[in-house]
Amino acid sequence: MPRFSNKVAIITGSSNGIGRATAIILAKDGAKVTITGRNAERLEETKQQIIEAGIDSKNINSIVGDLTSIEIQDKLINTTIQKFGQIDILINNAGAAIIDPTGSTGIDQNVSIYDKTFELNVRSIIELTQKAKAHLIASKGEIISVSSIASGPEAHSQFPYYSMSKAALDQFTRNIAIELVKSGVRVNCVNPGLVKTGIIQATGAPTEVSDKLYEFLGSNPDCVPIGRVGQPEDIANLIAFLADRSASFYIIGQTIKADGGSSLMLAMNTHNLTDFLK
Ligand code: NDP
């Protein structure tokens with residue numbers, strides 16, 4: 001029997017990248033899925049890819065909208081319950097690195113960028129989790145959030161608010177994991193490194209710039225030791241593992257990195273220090 005038979009999953013940010021790959025894997029493995037994002041065309045592409053994988057369209061609930069809107073959050077929960085009757089898995093994946101349109105970086109970024117970043121990457125996750133909580137307790141379900149290796153402890157001074165939002169998400173994961181496990185709900189988090197998705201274009205950068213960045217970092221073993229950038233499926237498979245109670249039952253409140261080794265690299269060790277000792 002497929003591992004997500006009789007399960008219902010909401011996957012935010014499933015109109016692109018990691019969320020789309022996750023929705024496809026979960027649906028292929030038997031889950032009924034609610035997919036969502038602001039871009040109707042890209043969300044339809046996700047739906048079509050799921051259908052092309054052999055899944056009946058009646059197992060897909062597709063909701064277009066901005067996740068920071070209370071109405072859309074309510075619609076995600078309510079339509080999932082109306083259509084499928086339960087919620088077993090909540091994947092808090094939608095997120096973005098929001099850029100200051102003035103071009104300011106670091107501490108000079110306008111504080112409104114901090115507000116927007118936290119509204120999407122933290123506040124909307126808290127709100128949706130609150131709204132899904134009773135349903136997840138009823139089903140003894142799973143929550144998996146998508147953080148980042150940018151959450152620290154290393155500094156990320158070029159994207160301070162983004163990395164701070166992911167650090168907050170890691171701590172949110174630990175806090176609610178220990179609270180909700182008492183009610184039978186498991187909560188975990190994945191922390192990707194560099195993954196080839198729409199995240200760079202979402203900042204307004206052209207595709208060529210995004211491709212160049214992935215090529216530069218992915219082919220530099222000092223940045224990505226495994227030798228290539230991640231693909232959305234590399235992260236989606238980890239999310240699916242954490243959503244599969246029979247495979248990952250004993251993992252609670254963890255922040256699990258999948259980054260091809262990037263976070264193990266210490267800049268000073270990228271130089272041949274033994275040369276100095278000769
Ligand atoms: P993508 O840009 O490819 O996907 C982001 C998804 O989030 C899209 O479906 C987008 O949909 C959705 N989204 C963004 N803003 C909103 C909003 N306001 N309301 C509703 N949906 C929204 O990026 P990724 O797949 O890479 O990002 C997924 C997660 O992975 C994010 O949380 C990101 O921080 C994290 N991550 C990504 C890394 C990477 O290198 N790619 C590294 C570490 C973490 P739409 O545009 O249709 O609204």
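None of the values given here were measured: they were computed from a predicted structure. (Residues numbered from 1 in each chain as written. Predicted model: local features only at pLDDT ≥ 70, side-chain atom pairs only at ≥ 80, totals over all residues. Heavy atoms only, no water.)

**Description of a nonpolar patch on the surface**
There is a patch of nonpolar side chains on the surface, built from Leu 266, Met 268, Leu 273, Phe 276 and Leu 277 and spanning about 600 Å² of accessible area. Assignment of secondary structure puts Leu 273 in the segment after β7 (255-258). Leu 273 gets classed as partly exposed once you look at its relative accessible area, which sits at 38%. (Patch = residues over 30% accessible without salt bridge, like charges linked within 9 Å, V, L, I, M, F, W, Y side chains within 5 Å. Areas by Shrake-Rupley, 256 points an atom, 1.4 Å probe, with all protein chains shown as cover. Salt bridge = Lys/Arg side-chain N within 4 Å of Asp/Glu carboxyl O. Helix = DSSP H or I, 4+ residues; strand = E, 2+ residues; numbered from the N terminus. Buried < 20%, exposed > 50% of the residue type's maximum accessible area, 1.4 Å probe, protein only.)

**A closer look at the nonpolar core**
In this structure, Leu 26, Val 33, Ile 50, Val 190 and Ile 239 are the most contacted members of the largest nonpolar core, which totals 30 residues. Not counting residues within four places of it along the chain, the set of residues in contact with Ile 239 comprises Ile 18, Thr 22, Ile 91, Ile 144, Val 146 and Val 190. In this structure, Ile 10, Ile 72, Ile 125 and Val 187 belong to the second largest nonpolar core, which totals 21 residues. (Core = buried A, V, L, I, M, F, W, Y, C linked by side-chain atoms within 4.5 Å. Contact = heavy atoms within 4.5 Å.)

**Digging into the packing of aromatic side chains**
Any aromatic ring pair is given by two values, namely how distant the centres are and how the planes are angled relative to each other. On inspection of all chains with the given rule, the structure shows 2 aromatic pairs. Look at Tyr 114 and Tyr 161: their rings are 5.7 Å apart centre to centre, the planes differ by 85°, and that puts the pair in the edge-to-face class. Placement of Tyr 114 in helix α4 (residues 111-139) and of Tyr 161 in helix α5 (residues 160-180) is noted, with a sequence separation of 47 residues between them. Residue Tyr 161 is classed as buried on the basis of its relative accessible area, which comes to 9%. Taken together, Tyr 114, Phe 118 and Tyr 161 form an aromatic cluster joined through their ring pairs. (Phe/Tyr/Trp six-rings, centres within 6.5 Å; stacked < 30°, edge-to-face > 60°.)

**Comments concerning the confidence of the model for the protein chain**
When pLDDT is averaged along the protein chain, the result is 96; 100% of the residues meet or exceed 70. No element of the protein chain has a lower mean pLDDT than helix α6 (residues 207-218), which averages 95, and none a higher one than strand β1 (residues 8-11), which averages 99. Quick note on the complex model: pTM equals 0.98, ipTM equals 0.99. (pLDDT = per-residue confidence, 0-100.)

**Observations regarding the site of the ligand**
By nearness alone, 29 residues border the ligand, and Ser 15, Arg 38, Asn 93, Tyr 162 and Thr 197 come closest of all. The backbone of Asn 39 places a nitrogen or oxygen atom 2.8 Å from an oxygen atom of the ligand. Within the side chain of Arg 42, an N or O atom sits 3.2 Å from an oxygen atom of the ligand. Sorting the residues of the shell around the ligand by element identifies α1 (17-28) and α5 as the ones contributing at least two each. When its residues are assigned to classes, the shell around the ligand shows 10 nonpolar, 15 polar and 4 charged. (Near = heavy atom within 4 Å. Polar contact = N/O pair within 3.5 Å; in protein donor to acceptor, adjacent residues only side chain to side chain. Nonpolar A, V, L, I, M, F, W, Y, C, P; charged D, E, K, R; others polar.)

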